[in-house]
Amino acid sequence: MVSSSCLHSVLDTAVNGIIVIDDNGTILIYNRACEKMFGYKSAEAVGKSVNTLMPSAIARQHDKFIRNYLKSGTPKVVDIGREVVGRHQDGTEIPIELSVGEAQTESGHQFIGVLKDLRATKEYEERLRVLQSNLVTMTRVNALDEMGAAIAHEVNQPLTALMLYLQTAARRSKGADQPDEALISLMDKAVVEAERAGHIIQRMRNFVERQAPQCIGTGLATLIDDCLELVRVGHEADDVEFISTFADYNYQLELDSVQIQQILVNLIRNAGEAVKGQPVKKVVISVETNDDNVFVKVMDTGPGLDKEAVPHLFKAFTGTKRRGLGIGLAISRSIAQNHGGDLLVEPYEEGKGATFTLRLPVNSKATS
Amino acid sequence: MRQSAAPLCFVFLATRTTLGFGVIYIVEDDVSVRDAIAEMLESLDLSCAAFADGESFLSDASPRMDDTVFVDLHLPGLKGSDLIEKVAALDDAPQIVAISGQPLWKITRDLPKKATTPVVRKPLREQDLLIYLQT
């Protein structure tokens, strides 16, 4: 037979909180671990209602819980255990893992609760979660930063030389005794294209350097047409039909045209890849607007997106294509979000291809 | 295409006295960029001298106050930033403009804090350089 003093010593040695209550919820035993957990001393707690140790919302219902159980015999926590919230003397709420047992004694029905303080665990989990998400962000930014910088630097040199040669050549041809107008026009066009390449590098760099997008009023329809033009170049032989149904050439939007063009070209190009080998090879770009947003939709007649693939679509380095790092959609979404918009994929529908929707906010300055 | 600095030095020495402008120096390790800048300046009848590294520039050139030195920050051997400090410390120091194709964090890391050297980032257009040559 175990003596009472031995029992108390066991209770006080336990790492977990141990509480025994009667069927009225009055605390009979309250061990040392509980003192640490709730702040109340054993002498203060014993004799009080166990509701004292709960946030008021739960405390109000606890008596009912006990009555219900005693009446119905259907356990909600007894022998099951659950995560509950306790309240410290100072009002702080404490996450607790609670397991409850019961005993029939000479003095009536008693409940035994074993309580594990989850605060440390929760904090640890939270910290781990934050660390992990930081890590993902860091990895992505670092990869982008390094890759972007490497590409930018490698391409910068020839591009700088190219630009200066072209500008010099253009000037020399203009200054010739008998200027060749056709040649001058070609040189000027070449300079514009070299400038565009330079802009792409600058935007990429700005993106890495986290500068705000350079928003200017842009004709959305023209921008879409330009994107289609860019994509068609690579698909001449594939007889893919690229169509834009948006023809409001007066519709202006405040956006960074180079960045948005990058997103759309990426989406349209993906769509063009998806319809390869399909009976109908069609990519349709449509635009819907409401008061706050513009939705640019890129629809294809491809096989649609695998349900399993959808949650991973916008994560970096998870692409299924053989070429590329799978960061296209991740970057695209970041760009869209930098604009206060988003990039979404429509839910899969049987017999339909994939639809990506680029949402962009309608700025106050935008006009229709 | 000019592979070495010597012929260009010769060009400027021959033309220096005939033009009212100062001399434009280019210190750039990328041969194409160096050549393209030189071609561009020559087409504008500006006298220039190009160098592939800071060491040859310091030993062969004698820049003066009216001159301009374009320095690539990313140079082999003597670093662009060190070259800028040395040139800026000269009596009668010329105007110095840094050029860089590096990401911003590298530029801010490499460029001496106290220096007020303007930085032109690559890719660049001729007007990005010529703006520093207006008299």
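Use the structure listed above.
Now for a quick tour of the structure. This is a predicted model, so every value here is computed, not measured.

## Looking at helix α4 (residues 80–88) of chain B
Moving on, step 1. Every buried residue of α4 of chain B is accounted for by Gly80, Ser81, Leu83, Ile84 and Val87 of chain B. End-on, the buried residues of α4 of chain B take up no more than an arc of 160°, which puts them together on one face.

## Some thoughts on the interface of chain A and chain B
Moving on, step 1. Counting residues at the interface gives 21 residues for chain A, matched by 26 residues for chain B.
Moving on, step 2. Carbon and sulfur atoms make up 53% of the area that chain A and chain B hide from each other, which totals about 2,100 Å².
Moving on, step 3. Taken together, chain A and chain B are joined by 2 salt bridges.
Moving on, step 4. With a closest N to O distance of 2.8 Å, glutamate 126 of chain B and arginine 171 of chain A form a salt bridge.
Moving on, step 5. Here chain A is connected to chain B by 9 residue pairs in polar contact (both at pLDDT 80 or more).
Moving on, step 6. The set of elements that each furnish at least two residues to the side of chain A that touches chain B consists of α5 (119–174) and α6 (181–208) of chain A.
Moving on, step 7. Considering each element in turn, the side of chain A that touches chain B owes the most residues, 15 residues, to α5 of chain A.

## Observations concerning the sheet that holds strand β5 (residues 119–121) of chain B
All names here are of chain B.
Moving on, step 1. With respect to topology, 5 strands assemble into an open sheet ordered β2-β1-β3-β4-β5, the strand pairing being parallel. One side of each edge strand has no neighbouring strand; the edge strands of this open sheet are β2 (48–51) and β5. Averaged over all neighbouring strand pairs, the angle between strand axes comes to 20°, with direction disregarded.
Moving on, step 2. As defined by bridge partners, strand β4 (residues 95–100) adjoins β5 across 3 bridges and the pair is classed as parallel. What sits directly across from isoleucine 99, in β5, is valine 120.
Moving on, step 3. In the packing of helix α2 (residues 31–43) onto the sheet, the strands contacted are β1 (24–27), β2 and β4, and the crossing angle to β2 comes to about 175°.

## Focus on the packing of aromatic side chains
Ring pairs (aromatic) are described by centroid distance and by the angle formed between their planes.
Moving on, step 1. As enumerated under the stated definition, the model contains 5 aromatic pairs over all chains in all.
Moving on, step 2. Geometrically, the ring pair formed by phenylalanine 246 of chain A and tyrosine 251 of chain A is edge-to-face, given 6.0 Å between the ring centres and 85° between the ring planes.
Moving on, step 3. Grouping aromatic residues by their ring pairs yields a cluster made of Tyr25, Phe51 and Phe57 of chain B.

## A few points about the pattern of salt bridges
Moving on, step 1. Under the criterion given, the structure shown has 12 salt bridges over all chains.
Moving on, step 2. One salt bridge connects aspartate 12 of chain A with arginine 32 of chain A, and the closest N-O pair in it is separated by 3.8 Å. One end of the pair, aspartate 12 of chain A, is in helix α1 (residues 4–13); the other, arginine 32 of chain A, is in helix α2 (residues 32–38), and 20 residues separate them in sequence.
Moving on, step 3. Across the pair arginine 119 of chain A and aspartate 117 of chain A runs a salt bridge, and its minimum N-O distance is 2.7 Å.
Moving on, step 4. Through salt bridges with shared partners, a single ionic network connects Glu195 of chain A together with Arg125 and Asp128 of chain B.

## Points about the nonpolar core
Residues and elements named next belong to chain A.
Moving on, step 1. Among the nonpolar cores identified, the biggest contains 38 residues, and Leu220, Ile224, Leu264, Ile268, Val283, Val296 and Leu358 are the most heavily contacted of them.
Moving on, step 2. Of all the secondary structure elements, the ones that give two or more residues to this core are α7 (220–232), β8 (252–255), α8 (257–274), β9 (282–289), β10 (293–300), α9 (328–338), β11 (342–345) and β12 (355–361).
Moving on, step 3. Beyond its immediate chain neighbours, meaning those up to four positions away, isoleucine 268 contacts Cys227, Leu228, Val231, Phe242, Val283, Ile285 and Val298.
Moving on, step 4. Counting residues in hydrophobic clusters, the runner-up holds 22 residues, among them Met37, Phe38, Tyr40 and Ile66.

## Here's the deal with the pairing of strand β2 (residues 27–30) of chain A
Residues and elements named next belong to chain A.
Moving on, step 1. Pairing analysis gives 3 bridges linking strand β1 (residues 17–22) to β2, with the strands arranged antiparallel. Residue pairing across strands places valine 20 opposite isoleucine 29, the latter belonging to β2.
Moving on, step 2. Here β1 hands over to β2 after 4 residues, with glycine 25 in that stretch at a positive phi of 90°.

## As for unusual backbone geometry
Residues and elements named next belong to chain B.
Moving on, step 1. Residue lysine 122 is joined to proline 123 through a cis peptide bond whose omega torsion reads 0°.
Moving on, step 2. When you line up the elements, proline 123 lands in the loop between β5 and α6 (126–130).
Moving on, step 3. Backbone geometry places aspartate 45, a non-glycine residue, at a positive phi of 60°.
Moving on, step 4. Along the chain, aspartate 45 turns up in the loop between α2 and β2.
Moving on, step 5. Classification of aspartate 45 by relative accessible area gives exposed; the value is 57%.
Moving on, step 6. In this structure, aspartate 92 takes a positive phi of about 65° despite not being glycine.

Here is what the cut-offs are and how they apply
- Residues numbered from 1 in each chain as written.
- Chains lettered and ligands numbered in written order.
- Predicted model: local features only at pLDDT ≥ 70, side-chain atom pairs only at ≥ 80, totals over all residues.
- Heavy atoms only, no water.
- Buried < 20%, exposed > 50% of the residue type's maximum accessible area, 1.4 Å probe, protein only.
- Helix = DSSP H or I, 4+ residues; strand = E, 2+ residues; numbered from the N terminus.
- Arc of directions from axis to C-beta.
- Contact = heavy atoms within 4.5 Å.
- Buried area = accessible area lost by both parts, 1.4 Å probe.
- Salt bridge = Lys/Arg side-chain N within 4 Å of Asp/Glu carboxyl O.
- Polar contact = N/O pair within 3.5 Å; in protein donor to acceptor, adjacent residues only side chain to side chain.
- Pairing = 2+ DSSP bridges.
- Axes fitted to C-alpha atoms, helices over the stretch in contact; angles between N-to-C directions.
- Phe/Tyr/Trp six-rings, centres within 6.5 Å; stacked < 30°, edge-to-face > 60°.
- Core = buried A, V, L, I, M, F, W, Y, C linked by side-chain atoms within 4.5 Å.

These figures capture arrangement, not role.
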